Amino acid sequence: MSEQVKKGHPKGLYFLFFTEMWERFSYYGMRAIFILFMTDQAIGLSMNDADASQIYGSYTGLVYLTPLLGGYLCDKYLGNRRSIVIGGLLMALGQFLMFLSASAGADGGVTIMWMGLTAIIIGNGFFKPNISTMVGQLYPANDRRIDSAFTIFYMGINLGAFFSPLVCGSMDFKWGFLAAGIGMLIGLVAFIVGQKKYLISEDGKHIGLPVKRLDAKSIGMIVGSIAIIFFMLNFKQMFKSDTDIISYFIYGAMVAMPVLIFSDKSLSKIETQRITVIFILAFFVIFFWGAFEQAGASLTLFADRQTDRNLFGWEMPASYFQSVNPLAVIALAPIMTIVWGFLYARKLEPSSPKKMAIGLGLVAMGYVVIAIAVKGLGLGEKVSMWWLIGLYIIHSIGELCLSPIGLSMVSKLAPLRLSSLMMGTWFLANAAANKFAGTLSALIPGGEDGTGGATSFLGFQITNLYEFFVLFIIMSGVAAAILFVLSSWLEKRMHNDHVEAQPELDR
């Protein structure tokens, strides 16, 4: 293969870009209006902020937990392509059920909502780890282009995330959910039509093919998982209980997964050390996304109630603020690629752990901005929208330092025979982080103005919005400092000079 071809990217990257763009349109379009739908007293489900925040955290947490199941079934049976088709169908079904939930309203919409969330959660488990894994499979091992490929792929994610809140947030909730479902179908049809043509590695191998047929045990696992998730989502309502079993489930999986993987006696010393790096960085990722994912929860409530959204006489929907982050990522991703390339050429490029520590530091800085804005904010007062926009832009730079770098790192460090499972494990950290985000969002001071009612977290009293945002500054700032100190130790255990032989079996 010529050097000229190697400097570009395979067509399969842009095919996966398009598919992921529409899947993210579906997910983020629904996410932009979800907590507003639950808390709306007129045409929504009339829930209080705390309950809605916990449900938001449970939903987004489980969305990132089920890739463990999807990754396992992909590696052992389905292959990437078939997993993506199954996942896309389930997610489209889930969005259409959310449409029915919004049509029914508070009277009968809650049970239908649980059904819709279950379908989206399971579908995402099949879809998410497998499409990300295929990006890395398009390239030879340790190819320098993989980092930039994931950055380009990440732009596809953010393109879908940019225009979905503008579309889904501009209409009534039911039509917003319907639009999200249609977007998912567009991506799914495109993938089915183009997969044979574009999903080919640079050495001519078809990637993502099925491994073998599903057996009865695995089909039972799928059906059982659907039943378990539906049960967990309904648990509080069914048993009138305050016990959050989803928290135990997600955090328990976070502890159990390292034990399961490290019990594999076939792992070599180098593989063990590289997997250790993935797990340690996954732990720090929890603090990043726990703060970052307030965008769909407490920050959306803040935008709705205490942000001046008047723009030349037009009141902008609160959901529109969720387009700021993806727009900033689209604009800044090429610049970040140039910056990393510039530093690489001069042997100054930070390692993946250092980039991720920088990302954590930037998310803390974003909360510094919004804390300054709300300090001393009185009853009924609102802050300029530019403070919130500033937070999202800073967070976007931090995201570019952490998220695409993390995806690329897992693709490079994970043993090939465990590639989808390890990608699913990486998303497990996102599951814990999103559940954590919902727990933290529930701490926002109650009342329409955000100043009434006190809450506490680990002894830290929260009586107003300023103290609420300071909590995120402390949490992410301390995590950034610790990770930066550990980065040199982690770099040695990444063994970047080690190349794993490619297997003959297509995955």
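Residues numbered from 1 in each chain as written. Predicted model: local features only at pLDDT ≥ 70, side-chain atom pairs only at ≥ 80, totals over all residues. Heavy atoms only, no water.

1. Details of the overall build of the chain
From N to C terminus, the chain includes 16 helices and 6 strands. For the chain, whose C-alpha radius of gyration is 22 Å, the value lies close to the compact-globule estimate of 23 Å for 507 residues. Overall size of the chain, expressed as C-alpha extent along the three principal axes, is 65 × 50 × 45 Å. Of all 507 residues assigned to the chain, the portion counted as buried reaches 57%. Partitioning the intrachain contacts of the chain with sequence separation of at least 6 by distance along the chain shows that 82% fall at a separation of at least 24. Working note: accessible area of the chain is about 20000 Å², and carbon and sulfur atoms make up 66% of it. Once the 37 positive and 33 negative side-chain charges of the chain are each reduced to a mean point, those two points are 10 Å apart. (Helix = DSSP H or I, 4+ residues; strand = E, 2+ residues; numbered from the N terminus. Rg over C-alpha atoms; globule rule 2.2 N^0.38 Å. Buried < 20%, exposed > 50% of the residue type's maximum accessible area, 1.4 Å probe, protein only. Contact = heavy atoms within 4.5 Å. Areas by Shrake-Rupley, 256 points an atom, 1.4 Å probe, with all protein chains shown as cover. Lys, Arg positive; Asp, Glu negative; His and termini not counted. Charge placed at Lys NZ, Arg CZ, Asp CG, Glu CD.)

2. A look at empty space enclosed by the protein
Here the structure, examined in full by the defined rule, presents 4 cavities of 30 Å³ or more. When its volume is computed, the largest cavity comes out at roughly 360 Å³. Contributing to the lining of the largest cavity are 28 residues, with Tyr28, Tyr154, Trp289, Glu293 and Glu399 lying nearest its centre. Elements that contribute at least two residues to the lining of the largest cavity include exactly helix 2 (11–39), helix 6 (145–168), helix 10 (269–292), helix 12 (324–345), helix 14 (385–413) and helix 15 (419–441). At 6 residues, the largest contribution of residues to the lining of the largest cavity is made by helix 14. (1 Å grid on protein atoms, 1.4 Å probe; cavity = no way out; pocket = protein on both sides within 12 Å on 5 of 7 lines; lining within 4 Å. Points joined across faces, edges and corners; volume = space filled by probe spheres on them.)

3. A look at the pattern of salt bridges
This model, assessed by the stated rule, comprises 9 salt bridges. Between Arg309 and Glu315 there is a salt bridge; the shortest N-O distance is 3.8 Å. Accessibility expressed as a relative area gives 9% for Arg309, which makes it buried. The salt bridge involving Lys354 is made with Glu491; its shortest N-O contact spans 2.8 Å. Here Glu491 lies in helix 16 (residues 465–492) and Lys354 lies in helix 13 (residues 352–374), a separation of 137 residues in the sequence. Connected through shared salt-bridge partners, Asp304, Arg309 and Glu315 make up one network. (Salt bridge = Lys/Arg side-chain N within 4 Å of Asp/Glu carboxyl O.)

4. Here's the deal with the packing of helix 2 against helix 3 (residues 49–65)
Interaxial distance between helix 2 and helix 3 falls to 8 Å at its minimum, and their mutual angle equals 160 degrees. Taken together, the axes of helix 2 and helix 3 lie roughly antiparallel to each other. Of the two possible hands of crossing, helix 2 and helix 3 adopt the one that is right-handed. In this structure, helix 2 contributes Arg24, Tyr27, Met30, Arg31, Phe34, Ile35, Met38 and Thr39 to the contact, and helix 3 contributes Asp49, Ala52, Ser53, Ile55, Tyr56, Tyr59, Thr60, Val63 and Tyr64. Classifying every residue of the contact of helix 2 with helix 3 by side-chain character gives 11 nonpolar, 3 polar and 3 charged. (Axes fitted to C-alpha atoms, helices over the stretch in contact; angles between N-to-C directions. Parallel < 35°, antiparallel > 145°, perpendicular 65-115°, else oblique. Left-handed = near helix turned anticlockwise from the far one by under 90°. Nonpolar A, V, L, I, M, F, W, Y, C, P; charged D, E, K, R; others polar.)

5. A look at the nonpolar core
For soluble globular proteins, the rule of thumb is that nonpolar side chains tend to be buried together. Grouped together as the largest cluster of nonpolar side chains are 158 residues, with contacts concentrated most on Leu16, Phe34, Met38, Met113, Leu117 and Trp426. Apart from residues no more than four positions distant in its own chain, Met38 is found in contact with Leu45, Ser46, Met47, Ala52, Ile55, Tyr56 and Met113. Core analysis: the second largest hydrophobic core is formed by 6 residues, Phe25, Cys168, Ala179 and Ala180 among them. (Core = buried A, V, L, I, M, F, W, Y, C linked by side-chain atoms within 4.5 Å.)

6. Notes on a nonpolar patch on the surface
Taken together, the side chains of Ile474, Val478, Ile482 and Leu486 define a hydrophobic patch exposed on the protein surface, amounting to about 310 Å² of accessible area. Within the secondary structure layout, Ile482 lies in helix 16. Its relative accessible area of 43% is what places Ile482 among the partly exposed residues. (Patch = residues over 30% accessible without salt bridge, like charges linked within 9 Å, V, L, I, M, F, W, Y side chains within 5 Å.)

7. Focus: helix 3
For helix 3, built from 17 residues, the straight-helix expectation of 24 Å at 1.5 Å per residue is met to within 8% by its first-to-last C-alpha distance of 24 Å. Counting buried positions along helix 3 yields 14 of 17 residues, so the element is predominantly enclosed. Regarding helix 3, its N-cap is Asn48, as a side-chain oxygen of that residue lies 3.3 Å from the backbone nitrogen of Ala50 further along. (Expected span 1.5 Å × (residues − 1). Polar contact = N/O pair within 3.5 Å; in protein donor to acceptor, adjacent residues only side chain to side chain.)

8. Here we look at helix 9 (residues 245–262)
Taking 1.5 Å per residue as the helical rise, helix 9 with its 18 residues ought to reach 26 Å, and the 26 Å between its terminal C-alpha atoms agrees with that figure. The largest bend along helix 9 reaches roughly 25 degrees and is located at Ala256, with the proline Pro258 sitting one to four residues downstream. Taken together, the buried positions of helix 9 are occupied by Ile246, Ser247, Ile250, Ala253, Met254, Met257, Pro258 and Ile261. (Bend = angle between axes of the 7 residues up to and from the residue.)

9. What about the packing of aromatic side chains?
Per the stated rule, a full pass over the model turns up 27 aromatic pairs. Taken together, a centroid distance of 5.8 Å and an interplanar angle of 75 degrees make the contact between Trp22 and Phe163 edge-to-face. Of this pair, Trp22 sits in helix 2 while Phe163 sits in helix 6; the two residues are 141 residues apart in sequence, bridging distant segments of the chain. Accessibility expressed as a relative area gives 16% for Trp22, which makes it buried. (Phe/Tyr/Trp six-rings, centres within 6.5 Å; stacked < 30°, edge-to-face > 60°.)

10. Structural notes on the side chain of Glu20
In this structure, Glu20 sits in helix 2. Setting aside residues no more than four positions away along its own chain, Glu20 makes contact with Phe127, Lys128, Ile131, Phe153 and Ile157.

11. A few points about the side chain of Thr307
Turning to its location among the elements, Thr307 is positioned in strand 1 (residues 307–308). For Thr307, a relative accessible area of 0% puts it in the buried group. Reaching out from Thr307, the side chain makes a polar contact with the backbone oxygen of Phe302 at a distance of 3.2 Å. Those residues in contact with Thr307 that lie beyond four places of it in its chain are Phe302, Phe321, Lys382, Val383, Ser384, Met385 and Leu388.

12. Things to note about unusual backbone geometry
Positive phi is not limited to glycine here, since Lys240 has a value of about 50 degrees. Along the chain, Lys240 falls in the loop between helix 8 (216–239) and helix 9. In this structure, Phe312 takes a positive phi of about 55 degrees despite not being glycine. Among the secondary structure elements, Phe312 is positioned in the loop between strand 2 (310–311) and strand 3 (314–315).

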